[in-house]
Amino acid sequence: MQKILFAMLAAGTALVAVSAVPASAQDTPKRIGYVVNYATHEWYQNVIKGMKDHAAEIGATVEVKDANLDVAKQVSAAEDFIAQGVDVLILTPVNEEGVVPLLRRAKAAGMPVVLEGNPVKGMTTMVAICDYDTGYDAGVAAGKYAKENLGGVAKVMNVGLPLLSATVLRSQGFMDGIQTEIPDAVMVHDLDGGGNPDRALEVSTAALAQNDDINIIYGINDSSSLGGLQAWKAAGKSQDGLLVVGTGGEGLAFINAMENEPSYRIEAAMFPEKNGYTAIDAAVKVFNNEEVPPHIVSPTAPMIGDEWSKYYDYDGTTRSIKWDAVNALVPPAKCTKTAADLK
Amino acid sequence: MPAEAATAAVAETAAPLPLEMTGIGKHFPGVIALDNVDLSLEAGKVHALMGENGAGKSTLIKILAGVYGKDTGTIRIAGRETSIASPGDALRQGIKVVFQEIALISEFTVAENIFLEQYPTGRSGSINWKKIRQDARALFERIGFDVDTNARTGALPISQQQMVEIARALAHEARIVVMDEPTSSLTPAEVALLFTVIRRLTALGIAVIYVSHKLDEVFEIADTVTVLRDGRHISTRPIGEHTHDTLIQDMIGRQIDDLFPRSRGQASGKVALSVKGVATEKLRDVTFDVYAGEVLGFFGLMGAGRTELAKAIVGFDPIDKGTIEIGGRPLHPHDTRTAVSLGIGLLTEDRKGEGLMLDLPVVYNLSLAALGSFARGGFIDETAEREAAQGYVDRFRIRTPSLFQEIKNLSGGNQQKVLLARWLLRGLSVIVVDEPTRGIDVGAKQEIFALIDQLAADGHAIVMMTSEMPELLGLSDRVMVMGEGRITGSFSRDEATQEKILNAAIV
Amino acid sequence: MVSEVSAPPKSASLVGALVGNNQIVLVAALVVICVGISLAVPQFYSSANIIAILRQVAMVLIVACGMTMLLITAEVDLSVGASLAFVGVVAMDVINVTDSVFLGALAGIAFGALVGLVNGLIVTRLKVNSLIATIGTMMILQGGVFLYSREAIQNHHHLPSFVDIGAGYVGPVPIPVIVAAVIFIASYVVLRHTTLGRYLFAVGANEKTARLSGLRTTWLKLFAFVLTGALVGVAGLILGSLMNAGQPTAGRGFELTVIAAVILGGTSLSGGRGTLIGTLLGVFVLKVIDDGIIVLQWNQDLQMIVPGVVLIAAIYLDILRRRADAR
């Protein structure tokens, strides 16, 4: 079912040039309201970009309000949308408990809701990537790379973020994935890099000084992997025999790094634009009262070497997604592990 | 009747004394603060406790207030031996100490402060505000003083806050009230009122300890005087047995022949400071000249504008109108930097707030204004700085264990000498001194007077603001009297009498 | 009266007057921490780790030198973390546009100094308390940097000389360490041996006294603000260089690390008291703890908790010492 759907979507996009609207019996919502939790972040910038791109294709408009990490602001923004009578509401919840009553009120008002990113009790459906699987696939790719280029040795420094279950799942997935290729791969250092570049740099500096046998740096986001790499460089080490793996691929930093840093070879790309795109598809479905799974998975893929150019155009200042390639990716029907499995 | 029998009879009939402290000793690391000191009070009498700074008065009072513990000795309250564990404990045992720094909650109303520890409550346990206000008013009636019990305490002048403290004493049914330097920031009228209230307290049978080093006050209010010196008990005598001289002698351990030395002759006739038509928010058309080599004294009651004038002529506060010339050069721009470079500076009345850098060593305090003269290319020649500072420490007999002692550890008199030295090191020609002996004990006062006299003899022009009549008359070559921001009288040294000056001061 | 009875002179030297025994506590703490970690993990005293610590110390110390002077004048600047991020972004942008590391560095330092000047003017002219004023500028800068650029600004021209500012070496010594050492020594000399340094103490100890003595108090405070700002510019350049990008999200909590280090070193928040030697030790204590927790592979949440405990303990010991002195 899922496969058919995605094949259809891909085909539909390919046909845009020929026929303005994909042939389907669906009604399309006209106005979609999106309450983002933190519009400042590059990730959400790109989610919004993907939403707007796809909404334009189907002849809908997306209005965006920013909760700026404030749940009260999020609730009032969502209520504004409900009062204005948008056709569908999309939410990236600031915190999971905080928006439960909001969902109840939306249901009472007959407002279809799609969640993005994180699940909330009482939701109809959510669009999100699988963190564990993203890490796992990157781990497998890293294992293969290490076999070929690093003599089959994998001593990993994880620049992690223990605060969030999503980022813990990424790190777990990465280690599980790499061990399918190199069974004695070990995590030498498990760091809290705070997800921001200067902190990641600082903690990596200390870890690298202590363990000079580290040969793989894994970062739970691009700031973390880059922080780790910069610490490596600042220690005056050569990048020969090092592999850096980033996660996310939300901005330009990773493209820059893959172009210029010999060790930055793998990026576990999460395609935020595609997340937005998928959320719009889900919005159309709930608007039509179609049956939807509780978790619609948005695809991710490890990009190795210069593979990034398969998915993105980059003109030196901005990047744009290549929808054909991204839409051709087939996501898993279900995540192998979720936050619930961590408990 | 034999003498022994008479004493026994008295002992049987008389009530026990409200307080007897015997053989009290207290030491701090390296210092003996009190050594075998006795003090006993009689009900309904005012007992003055005198001595120079460092004599042990504060330690004794703090032991009585439960702030410090004693090392040796016994305390009896109403004949019963006791110990005082804390300030709260002191209050429960009927001892109320009114410190110089008033310990009221400034955001609370007067009535709230009075009943702080024991709010009367209604049946429901809620505070009975009406009763609090009524009771507070009743207390003020007993001491014969009227104050708005609903006023925010912090908004009241110090004198009225003292009354609130006294009312608190009555609310706690205190039998002993200790007043620690109560008049140091009061106007003469407020002092008179305070004395009326103290007499009311004694009429109620309360024993009062009055700590002060103002001789006139002690002669007016005290029944008995105990003098401490260097932590030791020197004398306890009825006030009638003392004269000014004997009391000072007890306090400083030597005789003061001449409190106001006069070594100088006629002023030079050269105008050092010329103030013309100066007006500010508080000052109106103030005009005067000061000559090199003279002391010009300014007298005025509280609020007359003396301090305002002092701050205006040294460039600290702005002026609206008028001109100020120092040595013939105008003070323009009107700021302290220009003023100091022209040779005029202020020895402030508020040493802690405006004069001292409390946490910094003596030498840094002393050299501050003259630091530029010890520097080459911005770098300080510290050896020269120290030598110059040491010179003043020796010349002024500034008692400090080292140039690097933090100045807050010096006595008021020594601090004042450092501040005076700061200006002399800078080489000022005009020094404005505002209340130069405030908070300074008798022995040091004399030294300050001698220094001021010497400075004038050396050719400095001194402008002295003071509210102390003896100081004014003893030191000044000429006297100007201020009232409500104007000059209301001008007298030569020969014309000036206390009566004429006061007449001019009361506008 | 007790205070008046003269305590014995603490030390006959100038150092003794301005430097308290507080530093002995810090030196002891530093030695204990270093020996303890080294016993557990010998790599702690590897040259690689020592250099790593020195580089981290350098970043904080550069700003802490200015902050020490600012605190001595009884003011504070909480905007240094937010400014740090902004400096990196501005410098990187200017380098990308002009293709000149020199102009970029100049722009970064000038930007930092400008922030300092604005802080100083708000405090001295508008008379807004510096704690509040700089919380305000901190918020403005945090928001402003995103208005300026939501994304990290990359090093488009890949100029190696920019990377060298943070990651380069002279012999075995990282360049940031040399920069920090120069700034530290210069600050030390200014504070200890010049009239300017003494006047900074005077303004902080008692501003009215300083003014009555003819000092330009406003100017002195402005100087401390601008200096702190310019040093943030230097540190921001180093951070930008280390990350090879202008990161708008950088510098979070940096102001707290700097201020904690300065206070740990015995500088008083109420002004008029402080030493740069103490600040140096304070920075080392905090950064060694930071590094040690990673090397020991302890839970990194302790990186916040331990310095918090150390800070309170050190200040309490200082209070005890002062109380003993006062007796």
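Residues numbered from 1 in each chain as written. Chains lettered and ligands numbered in written order. Predicted model: local features only at pLDDT ≥ 70, side-chain atom pairs only at ≥ 80, totals over all residues.

### Comments concerning the overall build of chain A
In terms of helices and strands, chain A carries 13 helices and 14 strands. By the compact-globule yardstick of 20 Å for 343 residues, chain A fits well, its C-alpha radius of gyration being 20 Å. Summarising its shape, the C-alpha atoms of chain A cover approximately 60 × 45 × 35 Å along the three principal directions. Relative to its 343 residues, chain A shows a buried fraction of 54%. Considering only contacts within chain A whose residues lie at least 6 apart along the sequence, 74% involve residues at least 24 apart. (Helix = DSSP H or I, 4+ residues; strand = E, 2+ residues; numbered from the N terminus. Rg over C-alpha atoms; globule rule 2.2 N^0.38 Å. Buried ≥ 20, exposed ≤ 12 C-beta atoms within 10 Å, placed from the backbone. Contact = placed C-beta atoms within 7 Å.)

### Examining the domain arrangement of chain A
Residues and elements named next belong to chain A. Here the domain parsing of chain A yields domain 1 (2-129 + 272-298) and domain 2 (131-269). Computed from C-alpha coordinates alone, the two centres of domain 1 and domain 2 are separated by 32 Å. Facing the 5 residues of domain 1 at the interface are 5 residues of domain 2. No other element matches the 3 residues that helix α2 (residues 42-58) contributes to the side of domain 1 that touches domain 2. Classifying every residue of the side of domain 1 that touches domain 2 by side-chain character gives 3 nonpolar, 1 polar and 1 charged. (Domains from an automatic or database assignment. Nonpolar A, V, L, I, M, F, W, Y, C, P; charged D, E, K, R; others polar.)

### Re the packing of helix α3 (residues 47-72) of chain C against helix α12 (residues 254-264) of chain C
Residues and elements named next belong to chain C. Between α3 and α12, the least distance of the axes is 9 Å, while the angle of their chain directions is 60°. As judged from the angle between their axes, α3 and α12 are oblique. Crossing hand, α3 versus α12: right-handed. Contacts between α3 and α12 involve V60, V63, A64, M67, T68 and L71 from the former and T257, V258, I259, A261 and V262 from the latter. Partitioning the contact of α3 with α12 into residue classes produces 9 nonpolar, 2 polar and no charged. (Axes fitted to C-alpha atoms, helices over the stretch in contact; angles between N-to-C directions. Parallel < 35°, antiparallel > 145°, perpendicular 65-115°, else oblique. Left-handed = near helix turned anticlockwise from the far one by under 90°.)

### Re the interface of chain A and chain C
Taken together, the contact between chain A and chain C spans 27 residues of the former and 31 residues of the latter. Sorting the residues of the side of chain A that touches chain C by element identifies α2, β7 (186-192), α7 (197-210), α8 (222-234) and α9 (253-260) of chain A as the ones contributing at least two each. Per-element tally for the side of chain A that touches chain C: the top contributor is α7 of chain A, with 10 residues. Classifying every residue of the side of chain A that touches chain C gives 11 nonpolar, 10 polar and 6 charged.

### Section: helix α10 (residues 306-313) of chain B
Residue and element names in this part refer to chain B. Judged by how many residues are buried, α10 sits mostly within the fold: 7 of 8 residues are covered. Where α10 is concerned, the buried positions are R306, T307, L309, A310, K311, A312 and I313. Two residues or fewer after α10 comes G315, characterised by a positive phi angle close to 80°.

### Digging into the arrangement of the chains
Inter-chain contacts occur across 2 pairs of chains; the most extensive set of contacts lies between chains B and C. Left apart from each other, chain A and chain B have a closest C-alpha approach of 36 Å.

### Describing the packing of α7 of chain A against helix α13 (residues 276-295) of chain C
Their axes nearest at 9 Å, the elements α7 of chain A and α13 of chain C cross at an angle of 55°. As the angle between them shows, α7 of chain A and α13 of chain C are arranged oblique. Judged by the twist between their axes, the crossing of α7 of chain A over α13 of chain C is right-handed. Residues V203, A206, A207 and Q210 of chain A of α7 of chain A lie in contact with α13 of chain C, whose contacting residues are D291, I294 and V295 of chain C. Of the residues belonging to the contact of α7 of chain A with α13 of chain C, the class tally is 5 nonpolar, 1 polar and 1 charged.

### Notes on the pairing of strand β3 (residues 88-91) of chain A
Residue and element names in this part refer to chain A. Burial along β3 is two-sided: the residues V88 and I90 and L89 and L91 are all buried. Examined bridge by bridge, strand β1 (residues 31-36) and β3 share 4 bridges and lie parallel to one another. The partner of G33 across the bridge, within β3, is L89. Here β3 pairs with strand β4 (residues 113-116) via 3 bridges, running parallel. Following the sheet pairing, I90 is matched in β4 by V114. Read as a crossover between parallel neighbours, the route from β3 over helix α4 (residues 100-108) to β4 is right-handed. (Pairing = 2+ DSSP bridges. Right-handed = clockwise from strand over helix to strand, strands pointing away.)

### Points about the nonpolar core
In terms of nonpolar packing, the biggest core is built from 299 residues, with V430, V432 and I462 of chain B together with L61 and I62 of chain C touching the most fellow members. Non-local contacts of V432 of chain B, meaning those with residues more than four positions away in its chain, are made with A310, I313, V314, I344, L346, L347 and V463 of chain B. M21, V46, V208 and L215 of chain B belong to the second-largest nonpolar core, a separate cluster that totals 66 residues. (Core = buried A, V, L, I, M, F, W, Y, C linked by C-beta atoms within 7 Å.)

### Notes on the sheet that holds strand β12 (residues 286-291) of chain B
All names here are of chain B. Here we have 4 strands laid out as an open sheet, ordered β12-β11-β14-β15, and antiparallel in their pairing. Two strands bound the open sheet, and with one partner strand each, they are β12 and β15 (329-330). In this sheet, strand β14 (residues 321-326) lies alongside strand β11 (residues 271-279) in antiparallel orientation, the contact comprising 5 bridges. The residue bridging L273 from the neighbouring strand is I326, located in β14.

### Some thoughts on unusual backbone geometry
Between H332 of chain B and P333 of chain B the backbone carries a cis peptide bond, its omega angle lying at 0°. Of note, P333 of chain B is situated in the loop between β15 and α11 (336-342). The phi angle at N68 of chain A is positive, at roughly 50°, despite the residue not being glycine. Within the secondary structure, N68 of chain A sits in the loop between β2 (61-66) and α3 (71-84). The backbone phi angle of E173 of chain B is positive, close to 55°, even though this residue is not glycine. Positionally, E173 of chain B belongs in the loop between α6 (158-171) and β7 (176-180).

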